[in-house]
Amino acid sequence: MALRDATTGKAIREYSIDELRDAANLMRGYDLVALCAAGSGHAGGTLSVMDLTAALYLHSAEHDPAYPEWPDRDRIVWSAGHKAPALYLGLAFAGFCSLDDVVTLRKLGSPFQGHPHRLKLPGVEVSTGSLGQGLSLAVGMALAARLDGKRHKIFCVMGDGEQQEGQIWEAAMEAGHFHLDNIVGIVDCNRLQIDGWVKDVMQVEPLSAKYASFGWEVLRIDGHDMNQVVDALAKTRTVVGKPTVILADTIKGKGVSFMENQPGWHGKAPNREELDKALGELGLSERIPVQRLLDKAKSYQAGVDRRIAFRMPRYSRDYWWNSGDTMQVSMEPTRKGFGRALAENGDDERVVCLGLDISGSITISDFYAGKPERAKRWISMGIAEQSATSAAAGMAREGKLPVLGSYATFSAARNLDQVRVSVCYGNLNVLIAGAHAGVSVGPDGATHQALEDLFAMQGLPNMSVVAPCDSIETRKATKYLLLEHRGPKYIRFAREATPVVTNEATPFVFGKANVIRLRRESAHFADAFETWLAADYENEWEDLSILACGPMVPEAMRAARILKLEYGWETRILNLHTLKPIDGEAIIRAAQDTGVVVTAEEHQIGALAWRVSSILTESREICGLPVITGAIGVQDRFGDSGAPWELVKELEVSAEHIAQKAAELMAFRKKAVPASSHALV
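Residues numbered from 1 in each chain as written. Predicted model: local features only at pLDDT ≥ 70, side-chain atom pairs only at ≥ 80, totals over all residues. Heavy atoms only, no water.

Chemist: Help me understand the overall build of the protein in this model?
Modeler: The helix and strand tally for the protein stands at 23 helices and 24 strands. For 681 residues, the compact-globule estimate of 2.2 N^0.38 gives 26 Å, and the C-alpha radius of gyration of the protein, at 27 Å, lies within 12% of that figure. Overall size of the protein, expressed as C-alpha extent along the three principal axes, is 80 × 55 × 50 Å. When burial is assessed residue by residue, the protein has 60% of its 681 residues classed as buried. Residue pairs in contact within the protein that sit at least 24 positions apart in sequence constitute 79% of those at least 6 positions apart. Surface summary for the protein: the accessible area is close to 25300 Å², and the carbon and sulfur share equals 51%. Taking the average place of the 74 positive charges on the side chains of the protein and the average place of its 85 negative ones, the gap between the two points comes to 1 Å. (Helix = DSSP H or I, 4+ residues; strand = E, 2+ residues; numbered from the N terminus. Rg over C-alpha atoms; globule rule 2.2 N^0.38 Å. Buried < 20%, exposed > 50% of the residue type's maximum accessible area, 1.4 Å probe, protein only. Contact = heavy atoms within 4.5 Å. Areas by Shrake-Rupley, 256 points an atom, 1.4 Å probe, with all protein chains shown as cover. Lys, Arg positive; Asp, Glu negative; His and termini not counted. Charge placed at Lys NZ, Arg CZ, Asp CG, Glu CD.)

This is how it looks when you write it as structure tokens:
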């Protein structure tokens, strides 16, 4: 009995095996509709886990949708947080939320985030997303239940690729050691992960023997045979004195011929044509109101668009990227420059690249693509950021030039202690890529949006930190860091296509800022500006300075245009691509020459702002001079699911917000500071 009235103890509804099969099939259909409406997400794994989801939420776990916090309910932890749509559909079919509303998946403000967030949606037990953490959460919940004398079960849904994370095995050891028979692990063994077959990326089998060695009861089943699924879940109620794990063999993309066993469908959503074909194969073309649901999603998005537009600063015209006939800009993901640099400079036999399961996405695999002679220097480490970081340090100790990278949330946070001790303490020559940084992963949501990584990396002794502004600068920075710079180094770049504002002639010198000045209106945005090394720039007595790094440099350039056309102000832009060591001389000169300094970062305020403030407050050169500062960045909050450019607006880090802050500071200066004071130098 799963659905139970917590007050009366009576069953709300009981499902037969056939009804569970039908529910799982319907869930697959609704899942694909929601993914299509979102335009992103994870089709393969959500389809593979759906039989388990239906059995768990509708038959085996005891809970009450009218009382989500019922103390005696069973808890369900989704450690494999990217399979969140399956979780949401389990909740919807059980009655915790509206089934139709799931179609707002991954949209800004929706409770149906790209990865589960317990504060957004009743029935979500814990917030997850970074793989490998759920089983430890389950251990904590199980220990708490034991302390409280409770007998409810804690189910933890994981993937087989996720078993590569070392934390899984720490938790498995703990659960066995403490004889936590209230824990049930469920592993969706679909045999595929982003980089390919699990056995080829990093073999995790034999899982049965491994879990058994830690003192677990092991049940291996066909995860698509509903009888076996239900029987296994029932058997977990009878195991005493040790935890249980269900290893469910499944097919990634189950039920859709062109998705089954295809790694490319791990993190992909169907378009409308693919959706219609898939629903036809599932026999659901007439059972799901597809157009009504897609219209609902479209209507929700229209509301989001109106809300964002209302909150944006307003000017006499629309200055958004490529909104006019002039000042057009080309867009390309900065990560492309990383891949190009590795491809172009990988012949050095010392270079070794380590894959961490999102290799194609962050372009690190460009190192060996089409170059079979480099294959031996490509080492796939699987989903194991901590071990890979220390392994890279070991390679560096032996004279190699190791490169590793992942989402910045994983390559600069999950492994922070390994970076600190294994890499930085010994001052070893390891290049770490923080990819998909800032809000550029958009719909994946807060767990995958690195808004704190620069704090961590800049805080480490011996670490150098670079945040290039576009794909061209990323290529230059990667080449320099790889072949010329000695010591620990971190390069941060985005996933989303962002404006290309430099060219081959644009100077790039590690540790030295560039000055950028708006000169004219032009057909092409980049041609409207001139760039110098800051050390070579002669003061033009601009009205203010904007200091930016990474993708905020193009936003600062656009802000300079707004300030020029709206107020007639001239702006000095500093591209501080090297954050550590930072160009203090250029920062002090900008403050001396203009008297107004705005910092702009796509990060929690402080990674750039606090460094600039520290330099200015400690500077004897500007002691006694009136310098007014302000900061644009994320305001001490987590991100959200939504399109990347929506989030730039939502988190108030756009050019419009930079210009608004600049105008506030200029107005304050006019009111509080004598007109000529900032020119005392």
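Chemist: Before we go on, may I ask you to explain the sheet that holds strand E8 (residues 217-222) in this structure?
Modeler: Neighbouring strands of a sheet are bound in pairs by backbone hydrogen bonds; such pairs are parallel or else antiparallel. Taken in spatial order, the five strands of this open sheet run E3-E4-E5-E9-E8, and their pairing is parallel. The open sheet has two edge strands, strand E3 (75-78) and E8, and neither has a second partner. Strand-to-strand, the axes of this sheet are offset by a mean angle of 20°, without reference to chain direction. The pairing of strand E4 (residues 154-159) with strand E5 (residues 183-189) spans six bridges and is parallel. Across the sheet, the residue bridging to valine 157 is isoleucine 186, located in E5. Against the sheet, helix H5 (residues 134-147) contacts E3, E4 and E5, and its axis sits at roughly 170° relative to E4. (Pairing = 2+ DSSP bridges. Axes fitted to C-alpha atoms, helices over the stretch in contact; angles between N-to-C directions.)

Chemist: Help me understand the sheet that holds strand E12 (residues 378-380) in this model?
Modeler: Within the open sheet, the seven strands sit side by side as E12-E11-E13-E14-E16-E15-E22. Their pairing is mixed. The open sheet has two free edges, formed respectively by E12 and strand E22 (578-580), since each of these has just one partner strand. This sheet shows a mean twist of 20° between the axes of neighbouring strands, independent of strand direction. Relative to strand E14 (residues 431-435), strand E13 (residues 401-407) runs parallel, the two being bridged by five bridges. Looking at E14, one finds that valine 403 is bridged to leucine 431.

Chemist: How should helix H21 (residues 609-618) be read in this particular structure?
Modeler: Turn by turn, an α-helix covers 3.6 residues, leaving residues three or four places apart pointing in a common direction. Of the residues making up H21, those classed as buried are Ala609, Val612, Ile615 and Leu616. For H21, the angular spread of the buried residues around the axis is 135°, confining them to a single face. In H21, the exposed residues that point more than 90 degrees away from the buried face are Trp610, Thr617 and Glu618. Looking at the buried side of H21, the elements it contacts are strand E20 (544-548), helix H20 (584-594), strand E23 (596-604) and strand E24 (628-634). (Arc of directions from axis to C-beta.)

Chemist: I'm lost on unusual backbone geometry in this one. Help?
Modeler: Comment: phi is negative for the bulk of residues other than glycine, and the bulk of peptide bonds are trans. The linkage connecting glutamate 205 with the following residue, proline 206, adopts the cis geometry, with an omega of 5°. Secondary-structure assignment places proline 206 in the loop between helix H7 (198-201) and helix H8 (207-213). Backbone torsion omega between lysine 580 and proline 581 reads 0°, so that peptide bond is classified as cis. You can see proline 581 is positioned in the loop between E22 and H20. One non-glycine residue, asparagine 261, adopts positive backbone phi at about 60°. Within the secondary structure, asparagine 261 is located in the loop between strand E9 (244-249) and helix H10 (272-282). By relative accessible area, which is 25% here, asparagine 261 ends up partly exposed. Although it is not a glycine, asparagine 427 sits at a positive phi angle of roughly 55°.

Chemist: For this particular structure, what's the right way to read the pattern of salt bridges?
Modeler: In a structure, side chains of opposite charge can pair up when their charged atoms sit close to one another. Within this structure, the stated rule accounts for 46 salt bridges. For arginine 28, the salt bridge identified is with aspartate 51, shortest N-O distance 2.6 Å. With arginine 28 in helix H1 (residues 17-38) and aspartate 51 in helix H3 (residues 50-60), this residue pair connects regions lying 23 residues apart in the sequence. Accessibility expressed as a relative area gives 5% for arginine 28, which makes it buried. According to the relative accessible area criterion, aspartate 51 is buried, its value standing at 7%. (Salt bridge = Lys/Arg side-chain N within 4 Å of Asp/Glu carboxyl O.)

Chemist: Just checking my understanding: could you explain the nonpolar core for this structure?
Modeler: One broad rule of soluble globular proteins: the nonpolar side chains tend to lie buried together. Within the largest apolar cluster, 71 residues are counted, with the highest numbers of intra-cluster contacts made by Leu32, Val33, Leu56, Tyr88 and Ile288. For this core, the element with the highest residue contribution is H1, accounting for 12 residues. In this view, tyrosine 88 contacts Cys97, Val102, Leu105, Pro111, Phe112, Gln113, His115, Pro116, Leu121 and Val124; residues no more than four positions away in its chain are not counted. Ala392, Ala437, Ile582 and Ile588 belong to the second largest nonpolar core, which has 50 residues in total. (Core = buried A, V, L, I, M, F, W, Y, C linked by side-chain atoms within 4.5 Å.)

Chemist: Would you mind going over the packing of H1 against H10 with me for this structure?
Modeler: H10 packs onto H1 with a crossing angle of 175° between their chain directions and a minimal axis gap of 10 Å. On the basis of the axis angle, H1 is roughly antiparallel to H10. Contact with H1, carried on its side by Asn25, Arg28, Gly29, Leu32, Val33 and Cys36, involves Arg272, Leu275, Ala278, Leu279 and Leu282 of H10 and no other residues of that element. (Parallel < 35°, antiparallel > 145°, perpendicular 65-115°, else oblique.)

Chemist: How should I be thinking about the environment of glutamate 274 in this particular structure?
Modeler: Summarising the element assignment, glutamate 274 is placed in helix H10. Residues glutamate 274 and methionine 173 lie 101 residues apart in sequence; the distance between their C-alpha atoms is 43 Å. Those residues in contact with glutamate 274 that lie beyond four places of it in its chain are Phe258, Trp265, Lys268 and Ala269.

Chemist: Explanation requested: helix H14 (residues 385-397) in the structure shown.
Modeler: In this model, H14 (13 residues) spans 18 Å end to end at C-alpha, consistent with the 18 Å of a helix rising 1.5 Å per residue. Looking only at H14, the buried set comprises Glu385, Ala388, Thr389, Ala392, Ala393, Met395 and Ala396. Relative to the axis of H14, the buried residues are bounded by an arc of 160° and lie together on one face. Glycine 399 sits one or two positions beyond H14 and adopts a positive phi of about 95°. (Expected span 1.5 Å × (residues − 1).)

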